[in-house]
Protein chains: 2
Amino acid sequence: MRQSSLLSSTLREIPSDAEAASHQYMLKAGFIRQLAAGIYSYLPLGLRVLRKVEKIIREEMDKSGAQELFMPVMQPAELWKESGRYAVYGPELIRLKDRHDREFALGPTHEEVITTLVKNEINSYRRLPVTLYQIQTKFRDERRPRFGLLRGREFLMKDAYSFDTSWEGLHQSYLAMFDAYTRIFDRCGLRYSAVEADPGAIGGEGGTHEFMALAQIGEDTIVSCTHCRYAANLEKARSIAAQAPRSSARNGMKEKVHTPDTRTIEQLTKLLKREPQEMIKTLIYMADDKPVAVLVRGDHEVNELKLKHALGAENVALADAKTTVEATGAPVGFAGPIGLEIPVLADLAVGEMQAAVTGANEADYHFAGVVPGKDFAIEQTADIRNAAEGEACPHCEEGTLRFDRGIEVGHIFKLGKKYSEALGARFTDHEGKDQHMIMGCYGIGVSRILSAIAEQRHDDRGLVWPLSIAPFHVHLVPVSIKDETQMRLAEELYDLLTRQDIEVLLDDRDERLGVKLNDSELIGIPVRVVVGKLAASGEVEYTEREHGDKQVVSKDSALSRIVRLVHPDN
Amino acid sequence: MRQSSLLSSTLREIPSDAEAASHQYMLKAGFIRQLAAGIYSYLPLGLRVLRKVEKIIREEMDKSGAQELFMPVMQPAELWKESGRYAVYGPELIRLKDRHDREFALGPTHEEVITTLVKNEINSYRRLPVTLYQIQTKFRDERRPRFGLLRGREFLMKDAYSFDTSWEGLHQSYLAMFDAYTRIFDRCGLRYSAVEADPGAIGGEGGTHEFMALAQIGEDTIVSCTHCRYAANLEKARSIAAQAPRSSARNGMKEKVHTPDTRTIEQLTKLLKREPQEMIKTLIYMADDKPVAVLVRGDHEVNELKLKHALGAENVALADAKTTVEATGAPVGFAGPIGLEIPVLADLAVGEMQAAVTGANEADYHFAGVVPGKDFAIEQTADIRNAAEGEACPHCEEGTLRFDRGIEVGHIFKLGKKYSEALGARFTDHEGKDQHMIMGCYGIGVSRILSAIAEQRHDDRGLVWPLSIAPFHVHLVPVSIKDETQMRLAEELYDLLTRQDIEVLLDDRDERLGVKLNDSELIGIPVRVVVGKLAASGEVEYTEREHGDKQVVSKDSALSRIVRLVHPDN
């Protein structure tokens, strides 16, 4: 491809709302353009990368035995009402009416459609299991679209759905997807971690993993072990009953302490000269409209998702001040577990504490030397806090936990029967009995991968694409298009390379070398070949974008290096 | 691919609203499934055909120098208001509001988006011309979706847009697209005709051609010459001043004839024993709210599109009865041109008539022997009728016109400055002057091609796909999957073929041969190889779906035939 006719301008200025480096560079280098908030056009450079990612996904999905199909964007609202999601999905679901006033949704996902489709096509165990996938545009009306392709309103996803006759079958289908995802992200050159995750809005009965691309800009915290392969989303990361810290308090001797106007752990720490891990935070929560006292250690944070699971509640939320005052008989900031009449739920770490500081349920007073289980009763002990950086790994107990930020690029779920029951997808098993299919669902944010890789692979001059998904393999830059010797050599190289299925962008623009090289580094094609004065002796300058060392080599040597790089198996 | 795991059931029964053969067979053979009226899912078989059509389009578009990009489905309504189309597009445009109450349209076409994009990327003649294309899902809320993929509400289109500095440049871009379209439809195995067409709602100042797939079910009438290459949509087909028929009336002797209750040409023909071509039909039209008398010969039909152009009117429509009575002073059915006070517009053929029968503007009376131009004045003579089958070709005047039915599969337009002016897409020319870009737009109904080909290529047993876009090249059918010799040979053939990039569907289902063969003919894969009892001697039955002759051949012979067929250039 000749750059003079390429529809992509490198920009000098970018919109101020482009915060992420990936977003800035993809705009600057001419990969994408915004049409509306969270809605982008792909210019030829961006589309080439997108298509390569799609191709990798397709190859690995096919290899895993999944079959590709293609479902519509417009989904009848009735299907969503049948599954029960129409009411609960909220404003992220884009809704519309057709000319006959029938309601439709623009698909953010396709569980309803695929379940209905499979229900009509398959009715016997003989034709199961089956895994189906599509690469399709999805719609989600994000409240706050941002970071370019990272959180858009119209985006490309690969979504797959498995249908099995048993939970064991689902587990096999799930593992096949896990493996395919690993190969896909590896081939895309992504640094990522597969973490345990919470199923969230999609629901379902089984396990779930998120594939998180590691990046500072990521909106999720990933917890991983320094020793073993344990990794989880912070929402889901298990925490173990941390060893009780050595306490400076006299063990088991409860004493009342005057703590005027001291309401926070920080203030208490200063006043009493004790560590936060010697204190118990008592928080009053409403669990489905019933108050409950929730205890975590002073240096820990409540994880509301775990809390919800521990209580078996639909909803949990911090109680308002009025309820807290009613439950404790004291102003906010002086709550403690001693003498409460509501149930007390304590984190595992609280159960291990020997002598703790707690609120006294009385203004301006705390207790010190409190022994959980002795000085107050605990109804239930459970893991209800966020794991903390540096603590022991809950899996191997040898390593410690480290925190990273991540971008979700893939997500796999064991759905179970949620949709097959709601929509009536049944099969006849080998004994002739009617059963519901056991489903899994598996997503990859195709367009989001572009941003995740750009986020991981850039420097202060521009993007650094891996060869597997780069828009072109080679950027061929003649210094002067008016120099016949240079252009002859450049054209010769262009022919030789393209004939070997190597994708070359030839910078045939009448621009200064500085402009061309700046643009080249911005775009980030893996190999650059500059054809300059040494063209007369058949030599060129060869540079790999990632490493940056310039080397003067003969034309033939450049050729053979490139061929080896692009086609290592030939 | 093994058929036992393929997500496609052949159906015994199909919905009664599937009228077209293509629709019936694509449902029956498991290519598509309806989700809602005019909205379809593609099962794996259908998607494979769709992807092959896409690939052919992409290759030919790239070869023509067009660049692929990808624009969003959701388009801000403001853009459509800027171009003026938001108000005029009507209920076919699917509209929605986002969570912030901003209006969007689901793109039925992308003129507004691409013009805005190019306007921001290109500002100099140095970077023109450029032709851009995408393959994208489009939305059109058809009042009456029908015929499966032929007239859907969500469908796949290839749309391309050219930007030039001059009309001559546009003409070159247009020709390049014309040629690419010819190659695309040829490669898809379509029988089609490129016809002159009317620009319709897209508007624009230049020429336009439709590519019509010939099929009885088509909703358009294509007029073509038996002698030369002239072809046009009936809406647009020119008609020449037909030679006046020999008249049985006494020339030029006007006489009043009593024609009680005789209001139609048919009734007049019976009563007066004259031919329809000896009569003049007088129709009162409203042209932008002004009445006009429109004359065509009794055997001809008014073409309202031509009428509109001839009158230079925005809208033309038949006047209501009241207006007709007022203008003629007679009941409907007795209008004639003599003595009218409104302008008279006559078709070319009327101007040639020697002695005609017309209404007398008086109940129950006509005139005979009327000479146009002598007995009444004609304000304007023009081509305002539909061409008629069998008449002389307006281009070569040697051949005669034949009529066919056609399905529009492609459409190319010279748009000119319509959108570049409305949306401000300007460039600086080589003299430094500011000019508007000259645009063309070019569409192909990608999903519609599937239906058009299925419509052209089927017999009473099922579909007959051309090799270039068939879902598989070879259907390999072992008679009994329980017979080891048969299965060993079938598996061997499967391996040998797939290793040579030949796509094979292996029917490994435990079904009777009759069921397998019926399904095979329904699906319509070009080559079928049945492995039966002769497997013991290494022989198989080879059949090409199109011709149907069964031949017993050796395994090697079958192999080499197939390889020659699929890879003729190897």
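Here, every reference points to the structure presented above.
This structure is a prediction, so every number in the text was calculated from the model and none was measured.

Caption draft 1: A look at the interface of chain A and chain B. With 54 residues of chain A at the interface, the matching set in chain B holds 53 residues. Both faces considered, chain A and chain B share a buried interface measuring about 4800 Å² in area, 59% of it formed by carbon and sulfur atoms. If you sort the residues of chain A by the area they bury against chain B, L7, F70 and R99 of chain A come out on top, with a joint share of 16%. Put simply, chain A and chain B have six salt bridges between them.

Caption draft 2: Fine view of the relation of the copies chain A and chain B. Note on the identical chains: chain A maps onto chain B by a rotation of 179° and an axial translation of 0.1 Å, with an RMSD of 0.3 Å. Within this description, the copies of the chain are treated as partners about a two-fold rotation axis. Of the C-alpha atoms belonging to chain A, the one lying closest to the rotation axis is found on L96 of chain A, 2.7 Å away. Here 98% of the contact residues of chain A are again contact residues in chain B; the copies associate through an equivalent surface.

Caption draft 3: Helix α1 (residues 21–28) of chain B, seen in detail. Residue and element names in this part refer to chain B. When you tally the buried positions in α1, you get six out of eight residues, the bulk of the element. What α1 keeps buried is the set A21, S22, H23, Y25, M26 and L27. Against β1 (32–36), β2 (39–42), α12 (446–456), β25 (458–459), β26 (462–463) and α14 (513–523) lie the buried residues of α1. Looking one or two residues past α1, G30 carries a phi angle of roughly 80°, positive in sign.

Caption draft 4: Fine view of the environment of P331 of chain A. All names here are of chain A. Looking at where P331 falls in the secondary structure, it is placed in the loop between α9 (321–328) and β17 (344–347). Here P331 falls in the partly exposed class, since its relative accessible area comes to 30%. Separated by 30 residues in the primary sequence, P331 and N361 have C-alpha atoms spaced 7.8 Å apart.

Caption draft 5: Fine view of the packing of helix α2 (residues 44–63) of chain A against helix α6 (residues 167–187) of chain A. All names here are of chain A. The geometry of α2 relative to α6 is characterised by a closest axis approach of 9 Å and an angle of 155° between their N-to-C directions. Overall, the two elements α2 and α6 adopt an arrangement that is roughly antiparallel. For the crossing formed where α2 meets α6, the hand is right-handed. For the pair formed by α2 and α6, the contact residues are I56, I57, E59, E60, M61 and K63 on the first element and M177, A180, Y181, R183, I184 and R187 on the second. Broken down by class, the residue content of the contact of α2 with α6 amounts to seven nonpolar, no polar and five charged.

Caption draft 6: Quick peek at the pairing of strand β21 (residues 401–416) of chain B. Residues and elements named next belong to chain B. Burial of β21 is extensive: 12 of the 16 residues sit out of reach of the surface. In this sheet, β21 lies alongside strand β10 (residues 208–214) in antiparallel orientation, the contact comprising seven bridges. Note on β21: the bridge partner recorded for E210 is H411. The pairing of strand β11 (residues 220–225) with β21 spans six bridges and is classified as antiparallel. The partner of S224 across the bridge, within β21, is R402.

Rules used in this analysis
Residues numbered from 1 in each chain as written. Chains lettered and ligands numbered in written order. Predicted model: local features only at pLDDT ≥ 70, side-chain atom pairs only at ≥ 80, totals over all residues. Heavy atoms only, no water. Contact = heavy atoms within 4.5 Å. Buried area = accessible area lost by both parts, 1.4 Å probe. Salt bridge = Lys/Arg side-chain N within 4 Å of Asp/Glu carboxyl O. Least-squares fit on C-alpha atoms with pLDDT ≥ 70 in both. Buried < 20%, exposed > 50% of the residue type's maximum accessible area, 1.4 Å probe, protein only. Helix = DSSP H or I, 4+ residues; strand = E, 2+ residues; numbered from the N terminus. Axes fitted to C-alpha atoms, helices over the stretch in contact; angles between N-to-C directions. Parallel < 35°, antiparallel > 145°, perpendicular 65-115°, else oblique. Left-handed = near helix turned anticlockwise from the far one by under 90°. Nonpolar A, V, L, I, M, F, W, Y, C, P; charged D, E, K, R; others polar. Pairing = 2+ DSSP bridges.

Distances and angles like these do not, on their own, reveal function.
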